[in-house]
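Descriptive analysis of the structure
One-letter residues, chain by chain:
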Amino acid sequence: MRRIEEIIEGFKKYSPDGDVNLISTAYVFSARVHKDQLRFSGEPYLSHPLEVAYTLVQLKLDAVAIAGGLLHDTLEDTYATERELEELFGQEVLSLVKGLTKISKIAFASREEKEAENFRKMILAMTKDIRVILIKLADRYHNIKTLQHASAEQQKRIARETLDIYAPIANRLGIGWIKRDLEEYSFQFLYPDEYRSIEEKVSATFEARCKYINDLTKILEAELAKNGIPFSLAGRPKHYYSIYNKMARQGINFDELYDTIGIRVITDDLKDCYSILGIIHSLWKPIPGKFKDYIAMPKANMYQSLHTTVLGPEGHRVELQIRTKEMHEVCEEGIAAHWKYKEKREIKGDHEKFLWLRRLLEWHQELNDPKEFLDTVKVDLFPEEVYVFTPQGSVKGLPRGASPIDFAYLIHTDIGNHCVGAKVGGKMVSLQYALHSGDIVEILTSSTQTPHRDWLSYAKTSRAKAKIRSWLTTDQRKKSMLLGRELFQREVENYHLKPQAVIKSREFQHAMKEMGFNSEEKLMEGIGFGKISLASLMGKIIPQELLEERKKTKETEPHKAHDKGKHKRTSEPKIRVKGLNDILVRFCRCCNPIPGDPIIGFITRGKGVSIHDMDCPSIDLNIDSDRQVDVDWDLEDQTYRQVAITVTSENKVGLLAGISNAIASGNANIAKADISTPEKGPARLVFTIEVKGLDHLNEVVKSIRTVKGVVDVHREKHQVDKKNMASQND
C-alpha cells in the first residue's frame, strides 16, 4: 500500500511551497472515515484513495486536487457530511468531491440511465473545474488495475465503459500513459483470449525484433552523429491493444504485422525534427501514404510529432516517430503539461484545441435526455481526425467522415444554420461529402436557408447535431404555437366570442394552470402539437349555455352523405397515452396496427399522437425524443378494426366458400375481398376483415388454415405510405 510520506515527497519535488498540511489533513480524515472498510481484494479501503492521490502526484496536480483525490469517496461511502468537508478543507475541495459523488438517491428506469446521469453530472462539474475529470481518471486507473477481484459481469461492464469513455477522455486530454494503460487493462478483461494470443506471439518473437531494432538504431545513430544533430533514441514497443486494433482495421494476421516495435527519436528543437526526417528517408525508402505531420497540424489533444513508416533492412516495415523534448512531455502529460490554474482555480489557457470541453456545457443545456447526452459525448471522443483549411488558411480538426455541415457549424452556428452548399478546392460538393485532410473548404450561405432534418444524417460532430436538433425543436415549437393559436381562435369564434377576450378571462387562466401550462404560448403550443384537445379546453373556458347551444346546433345539422346507410361496427380502438389525457390519436396507414400489436406513439403537429407498429419501417428512430410518448392499448375496449390478410390456396371450385365460412366461424366480418385466380398456379385471395385485436386475428388465421387446399395465410403489414410517413415526420 502506498504511504502518505511517498505522496508528500513526490508533491514537494514539483511544488516545494505547496500546501502539504492540506494533503496531510485530508489523509488523516480519509483514514478515519474509511476505517474498517475493505476492498474486494481484502485490502484496507484506504489503499484506494492513496493510489488515486499518488497518480495525481504523477500528473503534478496541486494540493487541492490531491486532497480531493484522498477524499473522493467520503461523501458516498462514509458518514462524512458536506458541512464537515467544507469546514475542514474549504469550498474548493468540497466542490471537487461533490463533482465526483455518484447520484444514488434518485430512482431511474434502468442502470444504464443511472450511469448516464452520473456521467452527465461529472462532465458538468468538469466544465467548471478540469480537476474533476483528472481525479476521476486516477480513480478509474486504480480500479481497472485491480479489476481481477471483481465479478465477471462487473469486469466486462467496467472494462467496456473504460474503453468507450475514459480511455478516449484521457486521449483527448493528451495523457498518453494513462490512456495506454486504461486500454491495455480493458482489453485484457474484455477480450482475454485475444489478449493472451497476442501476448504469446509478441513474447515468442520479441528477441528477434529487438535485435532487428538494435541493428537499425546503430545505423541511424551513426548518421545523426555524423550530421551533428542532438538526439536520443528509444525502441517503442507497441501495446497489445494497439496491435489488436491494427490487425482488425487492416484485416491482417499477426505474422503480417512487423512494426510491433518502432523507434522514437527525440531532439532539441523543431528544425532538427525535419532534418532527422530527411536523413531517415535518405537511409530507407518511405512507404507512400504513411507519413503524417502532426507538428504542422497537431492533434486535438495538442499531440505533436512526425510519423513515418519506412522499408528497413531485409524489407521489413519500421515505424518512426520524431519529436522535440517539449513535444514528448506534452504527449505524455497532455493537459497537465500546459494548463495552469489561476488564483481562483479556474482553467487558464487559450488553446482552441480544447474548446470541446467548453462545448460540453452547451450540450448539457441543449440535450435533456442523459443517455442522449452520453451518446453525444461518446461520438465526440473520436480517435481519428482529418485536418481541413478555411479559405484564409486556418487549420480545423474534424472527425473522420465529417461533412461540410460539420465544418460550417464548427466555424459558427449562424454559418451552419444558413448553409446552402460548399466548395472544396474551388469545386462544388454535396453537403454529404466526406472531408479529407488537406481540403480547403468554403461554405456558401443564404439568409433564407434553415436546417433540415436530413442534416442529422450528414453530421458527424456532436456540436453540429446538437445545433441542428436545437433549431428544429425551436422551429417545431414555433410552428406548433402558431397552428395552435389558429385552431384555438377558429374554435372560439364558433361560439361567437372574441379570442382575446376569452384569453384574458379568469376561466382561461385557471384552465391553463389546471392543464399544467405556465404561459399562453405553451398552451397554444400544446394545442398545435396535439397534446391537448380543443374540446376539453372549450369545456373549461366557454360558458355552459353556449356549450349547450353549440351541441344542439350540431345535432340538428343534416348528416353528410357518407354518414348515411348501415352503421359500421369498426371504429378507432382506445389508446392510453402516458401523461396525456383526452388527446387526439390517429393510426398510421403505413403499418395499420391492431390491438395487441406492440406500438409506439409520436406527437405530430396539429394531429395529436400518431400510432405506429413498433417495427414499422417508416419510423424515424432519430426523431426528437420529446415527440415520442409511451402508449398502450385499452384492451377493455371491444371495437373492431380492419386488417388485411392474404390467403394463398389451390385454385379449385368451392375453396372461396370454405375460406369465407372459416372467417365467419371465427366471428369476423369480411369488409372487402380481392380475388386473383390465374390459369396456372395457386390462387391469391386478399381479405380485409374486421377483428377485435391480435388474439382474435390469430384465431381467424388458425381457422382458415384448417380449410383443405389453403397453402399459406399471412397478414399484410408495413405497406409504407410515403405521404403518411412524411406527415409523421413533420
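This section reports on the structure supplied with the text. Just so you know, the residues in each chain are numbered from 1, in the order the chain's sequence is written. In view of the model being predicted, local features appear only for residues whose pLDDT reaches at least 70, and side-chain atom pairs are presented and counted only at 80 or more, with totals across whole chains, interfaces and linings using the full set of residues. Side-chain measures were taken over the full set of non-hydrogen atoms in the model, leaving aside hydrogen atoms and water.

Some remarks on the sheet that holds strand β20 (residues 641-649)
Our working rule: At least two DSSP bridges between two strands are needed for those strands to be called paired. A run of H or I in DSSP becomes a helix once it reaches four residues, and a run of E becomes a strand once it reaches two; helices and strands are each numbered from the N terminus. An axis is simply a line fitted to the C-alpha atoms; with a helix, the fit covers only the stretch in contact. Between two such axes, the angle follows the N-to-C directions and lies from 0 to 180 degrees. Residues count as neighbours in contact if any of their non-hydrogen atoms are within 4.5 Å of one another.
Pairing is antiparallel in the open sheet, where four strands are placed in the order β21-β22-β20-β23. The sheet terminates laterally at β21 (669-676) and β23 (710-715), the two strands that pair on one side only. Between one strand axis and the next, the sheet turns by 20 degrees as a mean value, whatever way the strands run. Bridge count between β20 and β23: five bridges; the pairing is antiparallel. Counted as the bridge partner of T646 is H714 from β23. Packed on one face of the sheet, helix α28 (residues 655-665) meets β20, β21, β22 (683-691) and β23 and runs near 20 degrees to β22.

A look at helix α3 (residues 47-58)
The criterion, for reference: Helix span, as expected, comes to 1.5 Å for every residue beyond the first. Exposed residues in this analysis have more than 50% of their type's maximum accessible area, buried residues have under 20%, and partly exposed residues fall in between, with area computed by a 1.4 Å probe over protein chains only.
Spanning 12 residues, α3 covers 17 Å between terminal C-alpha atoms, matching the ideal 16 Å at 1.5 Å per step. Buried residues dominate α3, accounting for 10 of its 12 residues. Residues of α3 that are buried include every one of S47, H48, P49, L50, E51, V52, A53, T55, L56 and V57, and no others. Buried-residue contacts for α3 involve α1 (4-14), α2 (20-33), α4 (63-71), α9 (131-145) and α11 (176-190). Among the residues trailing α3, K60 stands out with phi positive, at a value near 60 degrees.

Quick notes on the sheet that holds strand β13 (residues 441-445)
One open sheet accounts for three strands, arranged β12-β11-β13; its pairing is antiparallel. Only two strands of the sheet have a single neighbouring strand rather than two, namely β12 (427-429) and β13. On average, each strand axis in the sheet is inclined to that of its neighbour by 35 degrees, with strand direction left out of account. Looking at chain direction, strand β11 (residues 419-424) and β13 are connected through five bridges and run antiparallel. Bridge assignment links V424 to a residue of β13, and that residue is V441. Lying over the sheet, helix α19 (residues 404-411) contacts β11, β12 and β13, oriented at roughly 80 degrees with respect to β13.

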